[in-house]
Amino acid sequence: MGQEESVRVLEGKNIILGVSGGIAAYKGAELCRLLVQEGATVRVIMTRAAREFITPLTFSTLTGHPALTETFGEGSGGPLTHIDLARGADLFLVAPATANILGKLAAGIADDLLTTTALAVDCPTLVAPAMNVHMFAKAAVQENLATLKRRGWGVIEPEEGFLACGATGKGRLAALERIVAACRRALAPQDFRDRVVLVTAGGTREPLDPVRYIGNYSSGKMGHALARAAWERGARVTLITASQLPPPPGVTAVPVRTAAEMLASLKERFNGADVVIMAAAVADFRPGRVADRKIKKETLKELTISLEPTEDILAALGRVRERQLLVGFAAETEDLLANARHKLAAKGLDLVVANDVTRPGAGFGSDTNIVTLLYPGGRYEELPRLPKLEAAYRILDAVAALPRFCRGERGPERED
Ligand code: PMT
C-alpha cells in the first residue's frame, strides 16, 4: 500500500473534474485514474475543445460514469445536470485549465456545462493551468488567476519545462502527484490551517574527511510523512531534511547534512514557528577533527577517531521556546517507556513519540511504524503498526489536542 493510500482522504468524495482543451487534456485521463484509485467518485465534464484531444469514452471507462459534454441534448445528462452535479460535489477541479477557461471562470461566463457547473458549486474549487509559456505569462491570464485566487480558488501552479509547443518555460501542467496532493489538502481536516510547522527528517551525517561520514539508518520516511500530513491539514510546513527523499508537494524543503546545520536552520526559523516536530535521527557525537584530505589507509596501522558531543537541538530549543510546541521522538532499543519519559522531561517537551526500533515494522527505513505517544503527567497511548503517513496523522491528532495548540497561541502575523 502506498503512503497516500494509507490515509484515504478522498475515499467516498464526489469530485467534478473539468477537462478543457489543451494538449495536456490527455493527462486528465491518468489524473482521473489516480483520483478513482484513491476512492473518489469522479464525474468528468469536458469542454468542446477538450474532445478534440481525447474522447469522452476514455473518461467514461475510467470513472464508470458517462463523461458529460453538453448543456442540452445528447451528452448533457438532462437540463439540470449542472445543478444536480454541483449539489453533491465535494470538490470542483479543472485540470488542465486553458487560458480560455480561466478567463471564463474569472469573468463568470456560463456558456457551457463546465462553466455553468462552476457557478453552481458550493465546495472547494481548484484549477491546474496548462498552456504555452507566453500565454501563461500574459497579463490577462495572470490577472484572471489573481481574480480566481482572491475569490478563494486554489491555483495549482504549472511547472517549468519543455512544452508540447516546443517552447521551454512555465506552463506545463503540474505533476499529477501535486494535483492529487492539492485535492487531498482541499478535503483533509484543516485543523492546522496557517500554523507554521517545522519538521526535521533523516539521519544527519558528520564528516570524518572529504569522502566519509558517521551516520545512521534513518531514511527520512517518518519525517517526510509528518511534513506531508501537516501540509495536507493546512499548515505552512518547512521540512529541514537530511534525507535523500524528494520532499512532499507543498512543503518548503531545506536540505541539511550535519547536526550543526540542522540546529542553525531551526534557530533561524524558530521564532516564526508554532510547532516543531523532531523526527530526525540526529548524531549525538561527531568527529572532533575533520581531515581536510582523504584519510589514506596506507599511512595508518589503526585509526582512532575521537568524538565530541553535538548540541542537543531539542534541549536547546526547549530552553528558548515561548509559545512553540515541541514534539520529540525517542528511538529506543530497550526500556521504551522509561527512556522516553526521561527525554520528555529532560528536553522540556509537550509530546514524545517513542518507537522501539528493534521491532519488525518499526523505526528506521520501514514503511510502517509502531509508536507510543507520551504526554507530560504520565499519560501514554500505544498505537498499532501503521503506515508512516497514518502514524503521522495520529501524531498530529495528538498535537492538535494539546491545550496549548487549542488555545491557538500564535506567532506574529506573517506574509506567505
Ligand atoms: O527516518 P525513518 O527511516 O523513517 O526512521 C524513523 C526514525 C526511527 C528515525 C524516527 O521514528 C525516530 O525515532 N526519530 C528520532 C531518532 C533519534 O535521534 O532519537 P533519540 O532518542 O536519539 O533522540 C531523541 C530526540 O532528540 C529526537 O527527537 C531527536 O531528533 C532529538 N535530538 C537528538 C540528538 C540531538 N543532538 N539533538 C536532538 O534534538
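Residues numbered from 1 in each chain as written. Predicted model: local features only at pLDDT ≥ 70, side-chain atom pairs only at ≥ 80, totals over all residues. Heavy atoms only, no water.

**Student:** Would you mind going over the overall build of the chain with me for this structure?
**Tutor:** A tally of regular secondary structure across the chain gives 16 helices and 21 strands. Residues classed as buried in the chain amount to 52% of the 416 residues present. For the chain, restricting intrachain contacts to residue pairs at least 6 apart in sequence, the fraction spanning at least 24 positions comes to 67%. For the chain, the exposed surface amounts to about 19,500 Å²; the carbon and sulfur share of it is 52%. Charge-centre separation for the chain: the mean point of 51 positive side chains lies 2 Å from the mean point of 48 negative side chains. (Helix = DSSP H or I, 4+ residues; strand = E, 2+ residues; numbered from the N terminus. Buried < 20%, exposed > 50% of the residue type's maximum accessible area, 1.4 Å probe, protein only. Contact = heavy atoms within 4.5 Å. Areas by Shrake-Rupley, 256 points an atom, 1.4 Å probe, with all protein chains shown as cover. Lys, Arg positive; Asp, Glu negative; His and termini not counted. Charge placed at Lys NZ, Arg CZ, Asp CG, Glu CD.)

**Student:** Where do I start with the side chain of D209 in this structure?
**Tutor:** Mapped onto the secondary structure, D209 falls in strand β9 (residues 206-209). One polar contact links the side chain of D209 to the main-chain amide nitrogen of V211, over a distance of 2.8 Å. Within the local environment of D209, its side chain forms a polar contact with the backbone nitrogen of I295, the two atoms lying 2.9 Å apart. Residues within four places of D209 in sequence aside, it is in contact with V290, A291, R293, K294 and I295. (Polar contact = N/O pair within 3.5 Å; in protein donor to acceptor, adjacent residues only side chain to side chain.)

**Student:** Teacher, can you tell me more about the sheet that holds strand β3 (residues 91-97) here?
**Tutor:** Through backbone hydrogen bonds, the strands of a sheet pair up, either in parallel or in antiparallel fashion. The sheet built from five strands is open, its strands ordered β2-β1-β3-β4-β5 with parallel pairing. Strands at the two margins of the open sheet, each flanked by one partner only, are β2 (41-46) and β5 (154-155). Bridge count for strand β1 (residues 14-19) against β2 is six bridges, and the pairing is parallel. Bridge pairing in β2 links L17 to V44. On top of the sheet, helix α6 (residues 99-107) reaches β3 and β4 (125-129); it is set at about 140 degrees to β3, its chief contact. In the packing of helix α7 (residues 113-120) onto the sheet, the strands contacted are β1, β2 and β3, and the crossing angle to β3 comes to about 145 degrees. (Pairing = 2+ DSSP bridges. Axes fitted to C-alpha atoms, helices over the stretch in contact; angles between N-to-C directions.)

**Student:** Explain the packing of helix α11 (residues 221-232) against helix α15 (residues 388-400) here, please?
**Tutor:** Running from amino to carboxyl end, α11 crosses α15 at an angle of 55 degrees, the nearest separation of the two axes being 8 Å. Put simply, α11 runs oblique to α15. Relative to α15, α11 is oriented so that their crossing is right-handed. For the pair α11 and α15, the contacting residues are K221, M222, A225, L226, R228, A229, A230 and E232 in the first and K388, L389, A391, A392, Y393, I395 and L396 in the second. Class assignment for the residues of the contact of α11 with α15 results in eleven nonpolar, no polar and four charged. (Parallel < 35°, antiparallel > 145°, perpendicular 65-115°, else oblique. Left-handed = near helix turned anticlockwise from the far one by under 90°. Nonpolar A, V, L, I, M, F, W, Y, C, P; charged D, E, K, R; others polar.)

**Student:** What's the story with the state of the cysteines in this structure? I'm lost.
**Tutor:** By definition, a disulfide links two cysteine residues through a covalent bond between their sulfur atoms. This model, assessed by the stated rule, comprises zero disulfides. Summary of cysteine pairing: C32 is not part of a disulfide, and the nearest cysteine sulfur, belonging to C183, is at 11 Å. Judged by relative accessible area, C32 falls into the buried class, the value being 0%. (Disulfide = S-S within 2.5 Å.)

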